[in-house]
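For reference, the chains in residue letters:
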Amino acid sequence: GGVVMFLGSLWSREIFLVLFRKFELQEAYPVRIIVLSSYMYWSIYSFFIYPLSIKKRTFAISKISLVAALFNIIGNIIFIPYYGIWATTSVTYLSHIIFGFAGLLDKESRLSLSRFINITKFSALLIALFISLFAAAYAFQDESVITKLLLSALSFLGFVLFYFWVMDGSTVRTSNQELVK
């Protein structure tokens with residue numbers, strides 16, 4: 001999910017030029033970069049919620065969703081009058097970070113996952129990676145197509161290398177039965 005959202009963010013300007021004829025809408029692509037980048041944290045949410053969904057603890061999952069939604073609503077109410085559209089995008093980005101990592105608030109879920117990975121290092125790695133991808137997409141938003149193609153190829157290569165590293169067993173390899181215990 002993170003690489004796809006990064007690529008969508010990176011190519012926002014070109015996508016908006018194709019989709020919209022009005023200049024005002026074409027120029028709104030920086031907002032899309034922030035919002036689309038925030039969806040990278042959904043993959044973290046899916047990972048940390050997995051033990052809860054296996055154990056059918058849907059109430060705990062709904063509480064996690066509610067915390068992020070309330071943060072988003074309250075943050076928007078407070079900051080929109082002062083900062084406008086940039087407040088909504090920033091608060092949405094932060095609420096998705098909360099949403100992604102809120103699964104760690106559940107002690108049982110945290111204990112299940114800590115048997116297989118170092119949660120602190122894993123979380124720090126993912127947050128650094130996603131913030132770096134967001135920063136790269138934002139920094140290179142107005143670069144040439146050639147530069148964006150190169151970045152796209154590098155991000156895809158990085159994803160493939162990371163995938164094979166994970167599938168090698170260095171990080172997470174388990175069955176549903178082990179998490180249910």
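Refer to the structure above for everything that follows.
Computed from a prediction, not measured in an experiment: that's the story for all the values here. (Residues numbered from 1 in each chain as written. Predicted model: local features only at pLDDT ≥ 70, side-chain atom pairs only at ≥ 80, totals over all residues. Heavy atoms only, no water.)

Sorry, what's going on with the overall build of the protein here?
Counting its regular elements, the protein contains 11 helices and zero strands. Secondary structure of the protein in N-to-C order comes out as α-α-α-α-α-α-α-α-α-α-α. Evaluated residue by residue, the protein yields a buried proportion of 39% over its 181 residues. The contacts of the protein with a sequence gap of at least 6 include a subset with a gap of at least 24, amounting to 74%. Surface accessibility of the protein: about 10,700 Å² in total, with carbon and sulfur atoms responsible for 71%. (Helix = DSSP H or I, 4+ residues; strand = E, 2+ residues; numbered from the N terminus. Buried < 20%, exposed > 50% of the residue type's maximum accessible area, 1.4 Å probe, protein only. Contact = heavy atoms within 4.5 Å. Areas by Shrake-Rupley, 256 points an atom, 1.4 Å probe, with all protein chains shown as cover.)

Before we go on, may I ask you to explain the environment of Ala 102 in this structure?
Mapped onto the elements of the fold, Ala 102 is located in the loop between helix 7 (85-101) and helix 8 (107-114). Sequence spacing of Ala 102 and Tyr 45 is 57 residues, and the spatial spacing of their C-alpha atoms is 7.6 Å.

Help me understand helix 5 (residues 41-54) in this model?
An α-helix turns once every 3.6 residues. As a result, residues three or four positions apart point the same way. Along its 14 residues, helix 5 runs 20 Å from first to last C-alpha, staying within 8% of the 20 Å computed at 1.5 Å per residue. The sharpest bend along helix 5 measures roughly 40° and falls at Phe 48, with the proline Pro 51 sitting one to four residues further on. Every buried residue belonging to helix 5 is among Tyr 41, Ile 44, Tyr 45, Phe 48, Ile 49, Pro 51, Leu 52 and Ile 54, and all of these are buried. Residue Lys 56 follows helix 5 closely and has a positive phi angle near 55°. (Expected span 1.5 Å × (residues − 1). Bend = angle between axes of the 7 residues up to and from the residue.)

I would appreciate a short explanation of the side chain of Glu 14 in the present structure.
Mapped onto the fold, Glu 14 is located in helix 2 (residues 12-19). You can call Glu 14 buried: its relative accessible area is 16%. Contact partners of Glu 14, with chain neighbours within four places excluded, come to Glu 143, Val 145 and Lys 148.

In this structure, what is going on with the packing of helix 5 against helix 6 (residues 58-83)? I would like to understand it.
Describing two packed helices takes the angle between their axes plus the distance from one axis to the other. The N-to-C vectors of helix 5 and helix 6 enclose an angle of 150°; their axes lie 9 Å apart at closest approach. With respect to helix 6, the element helix 5 is oriented roughly antiparallel. Seen from helix 5, the contacting residues are Tyr 45, Ile 49, Leu 52 and Ser 53; seen from helix 6, they are Ala 60, Ile 61, Ile 64 and Ser 65. Looking at side-chain class alone, the contact of helix 5 with helix 6 contains six nonpolar, two polar and no charged residues. (Axes fitted to C-alpha atoms, helices over the stretch in contact; angles between N-to-C directions. Parallel < 35°, antiparallel > 145°, perpendicular 65-115°, else oblique. Nonpolar A, V, L, I, M, F, W, Y, C, P; charged D, E, K, R; others polar.)

I'm lost on the pattern of salt bridges in this one. Help?
Should the charged atoms of two oppositely charged side chains come close, the side chains can pair. If you walk through the whole model with that rule in mind, you get three salt bridges. Asp 142 is paired through a salt bridge with Arg 13; the nearest N and O atoms lie 3.9 Å apart. With Asp 142 in the loop between helix 9 (119-139) and helix 10 (145-170) and Arg 13 in helix 2, the pair connects residues that are 129 residues apart, well separated along the chain. Using a relative accessible area of 48% as the deciding quantity, one classes Asp 142 as partly exposed. (Salt bridge = Lys/Arg side-chain N within 4 Å of Asp/Glu carboxyl O.)

Fair warning: the whole summary comes from geometry, so function is off the table for now.
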